[in-house]
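Below are the chains, spelled out letter by letter.
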Amino acid sequence: MTISALGINHKTAPVDLREQVAFNAEQLDAALQAVRGLQGVQEAVIVSTCNRTELYCRGDVSDDLLLGWFTGFHSLPPDALQNHHYLFKNDQAISHLMSVASGLDSLVLGEPQILGQVKQAYQIAKRQAAVGGILERLFQQTFRVAKTVRNETAVGQNAVSVAYAAVSMARHIFSNLAKSKVLLIGAGDTSELVAQHLKQQGVTEITVANRTLQRARELAEKVDGAAHSLSELSELLPDADIVVSSTASTLPIVGKGTVEKALKKRRHKPMLLIDLAVPRDIEEQVNELDDAYLYTVDDLQSIISENIRNREQAAKEAQVIIRQQAQEFTDWLQSLNSVELVRSYRQHTKAVADTHLERALAQLQQGKAPEEVLKQFSHKLVQQLTHQPTNLLKSAGENNDQYTLAVLQQLWSGDDSDPLEGK
């Protein structure tokens, strides 16, 4: 009963290769059906995000078959993933899944989005009836582990991205961000991330100013904000409690004089300015103004570096939790092997007994003496059931195999009652 994890991620493969093996929503159903059709595969879940594509499956299937299917489904050369993939088995596969869901294997350590993505992958596989009893239990335990890691360690706390650090700083300065008015200068990816974090903090008044008005409108629509062009900055600044700037301009676009005029119109109500651009968008001299508080990427970077160190320490604590939980699942999995062995042993002995019973009944129907039939039945049954153990005992004695001898001695000494009675 083998659990396998095959995949590539941001650590092992460049983005162009990751894009080639990603599964979109339309492909997932067909992919799950196809992998379930592989010889030996009993259950399967496919996790596919921008930073990783992973196949988790249960069954006795060869590594080459899994890798061949992985590349073949995407029409890639057989050796396309040769130096870029990883393949884990059993306890390593279990630990890897728990680490992934807990955000410990992410590009940004501790990021929470991956847990939702793993849950979605599990739900899709479940709808396709690709999840059975083993992976069902594994994924449910994985979700509990991720929650424990989130609650009992600081791995997901503190800002480790510039966008989130900017919003965290604003949250510390303003007691209630929801009441603050925010002006975003620029409408690129960083500004969009800042806008998302602001919305999560309850900010309702967001204005976006961008060189291209259409792009400003696109971002503003996502956060229920207002869109303006950069030419309107002098009119927009006085109304902003928080200004976050991130453009591709080669020269500053917000000068000391402009901010000074805005502060006068605000009657010197404090203004927080966060410059995320390189080169800078906001003149350094703005810091000379009373009631204007300017922070740059460099200021945020020291906060981020400290927070990363804190998360790395928390990740070590999280790994302890994961090791314990992975071992617990592995122990449960191994207990299933013993259950299967007991079941197989019962079936074997029953088949042997049934065979000899049929012969005995046939002899009785032929008129043979019952006493003779029973003696013969008993003799042949004992002879067949003890044949293999006897050979094992002889071999262990000849090879001085003390472990096997001790196990067999424990098996047949002491209690003579039927250990399987009532089972």
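Just so we're clear, the structure is a prediction, and the values are computed from it rather than from any experiment.

1. Section: the layout of surface pockets
Now for step 1: By volume, the second largest pocket amounts to about 640 Å³.
Now for step 2: Lining of the second largest pocket is provided by 26 residues; of these, Val108, Glu111, Pro112, Gln113 and His197 occupy positions nearest its centre.
Now for step 3: At the level of elements, α5 (113–127) and α8 (189–200) are the ones that each hand at least two residues to the lining of the second largest pocket.
Now for step 4: Examining the composition of the lining of the second largest pocket, we find that 4 residues originate from one element, α8, more than from any other.
Now for step 5: Of the residues assigned to the lining of the second largest pocket, the class counts are 9 nonpolar, 13 polar and 4 charged.
Now for step 6: Mapping the lining of the second largest pocket onto the domain boundaries places at least three of its residues in each of domain 1 (2–158) and domain 2 (162–302).

2. Some words on the nonpolar core
Now for step 1: One finds Trp69 and Phe139 to be the most contacted residues of the largest nonpolar core, which totals 61 residues.
Now for step 2: Those residues within four positions of Trp69 in sequence are excluded, and the remaining contacts are Phe23, Ala31, Ala34, Val35, Leu38, Ile46 and Leu55.
Now for step 3: With 29 residues, the next largest nonpolar core counts Ala195, Ala216, Val223 and Ile242 among its residues.

3. Describing the domain arrangement of the protein chain
Now for step 1: Here the domain parsing of the protein chain yields domain 1 (2–158), domain 2 (162–302) and domain 3 (336–409).
Now for step 2: Distance between the C-alpha centres of domain 2 and domain 3: 83 Å.

4. Comments concerning the packing of α5 against helix α6 (residues 133–152)
Now for step 1: The contact between α5 and α6 brings their axes to 11 Å, and the two run at 160°. Between α5 and α6, the angle is such that the two are roughly antiparallel. Relative to α6, the crossing made by α5 is left-handed. Contact with α5, carried on its side by Leu115, Val118, Lys119, Tyr122 and Lys126, involves Glu136, Phe139, Gln140, Phe143 and Ala146 of α6 and no other residues of that element.

5. With respect to the UniProt feature "binding site: NADP(+)" (unreviewed entry) in the protein chain
Now for step 1: Here, the residues flagged by UniProt with the feature "binding site: NADP(+)" (unreviewed entry) are Gly186, Ala187, Gly188, Asp189, Thr190 and Ser191.
Now for step 2: Within the secondary structure, Gly186 is located in the loop between β5 (181–185) and α8.
Now for step 3: Gly186 gets classed as buried once you look at its relative accessible area, which sits at 1%.
Now for step 4: Contacts of Gly186, omitting those with residues within four sequence positions, involve Ser191, Val208, Ala209, Asn210, Leu219, Ser246 and Thr247.
Now for step 5: Here Ser191 is to be found in helix α8.
Now for step 6: Residue Ser191 is classed as buried on the basis of its relative accessible area, which comes to 3%.

6. Quick notes on helix α3 (residues 63–73)
Now for step 1: Among the residues of α3, those classed as buried are Leu66, Leu67, Trp69, Phe70 and Thr71.
Now for step 2: In this fold, the buried residues of α3 make contact with β1 (3–9), α2 (25–36), β2 (41–48) and β3 (52–59).
Now for step 3: Among the residues trailing α3, Ser75 stands out with phi positive, at a value near 55°.

7. Observations concerning the sheet that holds strand β4 (residues 86–89)
Hydrogen bonds along the backbone pair up the strands of a sheet, which may run parallel or antiparallel.
Now for step 1: Strand order in the open sheet formed by 4 strands is β2-β3-β1-β4, with antiparallel pairing between adjacent strands. The sheet terminates laterally at β2 and β4, the two strands that pair on one side only. Pairwise comparison of adjacent strand axes, ignoring direction, gives a mean angle of 15° for this sheet.
Now for step 2: By the bridge criterion, 7 bridges tie β2 to β3 in an arrangement that is antiparallel. Residue pairing for β3: Ser48 is matched across the bridge by Thr53.
Now for step 3: Docked against the sheet, α3 engages β1, β2, β3 and β4, running at close to 140° with respect to β3.
Now for step 4: Relative to the sheet, α6 contacts β1, β2 and β3, its axis offset from that of β2 by approximately 35°.

8. Here's the deal with the UniProt feature "domain: Quinate/shikimate 5-dehydrogenase/glutamyl-tRNA reductase" (unreviewed entry) in the protein chain
Now for step 1: As annotated by UniProt and renumbered to match this structure, "domain: Quinate/shikimate 5-dehydrogenase/glutamyl-tRNA reductase" (unreviewed entry) occupies residues 169–303.
Now for step 2: This span, residues 169–303, is 36% helix and 21% strand, and a straight line between its end C-alpha atoms measures 9 Å.

9. Observations regarding the pattern of salt bridges
Now for step 1: Considering all chains together, one arrives at 17 salt bridges under this definition.
Now for step 2: Between Lys126 and Glu136 there is a salt bridge, with the nearest N and O atoms lying 3.5 Å from each other. A residue pair is termed long-range when its members are at least 10 positions apart, and Lys126 in helix α5 and Glu136 in helix α6 qualify at 10 residues.
Now for step 3: Given a relative accessible area of 41%, Lys126 falls into the partly exposed group.
Now for step 4: What makes Glu136 partly exposed here is its relative accessible area of 23%.
Now for step 5: In this structure, the salt-bridge partner of Glu218 is Arg215, at a minimum N-O distance of 3.6 Å.

Criteria and thresholds
- Residues numbered from 1 in each chain as written.
- Predicted model: local features only at pLDDT ≥ 70, side-chain atom pairs only at ≥ 80, totals over all residues.
- Heavy atoms only, no water.
- 1 Å grid on protein atoms, 1.4 Å probe; cavity = no way out; pocket = protein on both sides within 12 Å on 5 of 7 lines; lining within 4 Å.
- Points joined across faces, edges and corners; volume = space filled by probe spheres on them.
- Helix = DSSP H or I, 4+ residues; strand = E, 2+ residues; numbered from the N terminus.
- Nonpolar A, V, L, I, M, F, W, Y, C, P; charged D, E, K, R; others polar.
- Domains from an automatic or database assignment.
- Core = buried A, V, L, I, M, F, W, Y, C linked by side-chain atoms within 4.5 Å.
- Buried < 20%, exposed > 50% of the residue type's maximum accessible area, 1.4 Å probe, protein only.
- Contact = heavy atoms within 4.5 Å.
- Axes fitted to C-alpha atoms, helices over the stretch in contact; angles between N-to-C directions.
- Parallel < 35°, antiparallel > 145°, perpendicular 65-115°, else oblique.
- Left-handed = near helix turned anticlockwise from the far one by under 90°.
- UniProt positions renumbered as here; feature names shortened; annotations may be inferred.
- Pairing = 2+ DSSP bridges.
- Salt bridge = Lys/Arg side-chain N within 4 Å of Asp/Glu carboxyl O.

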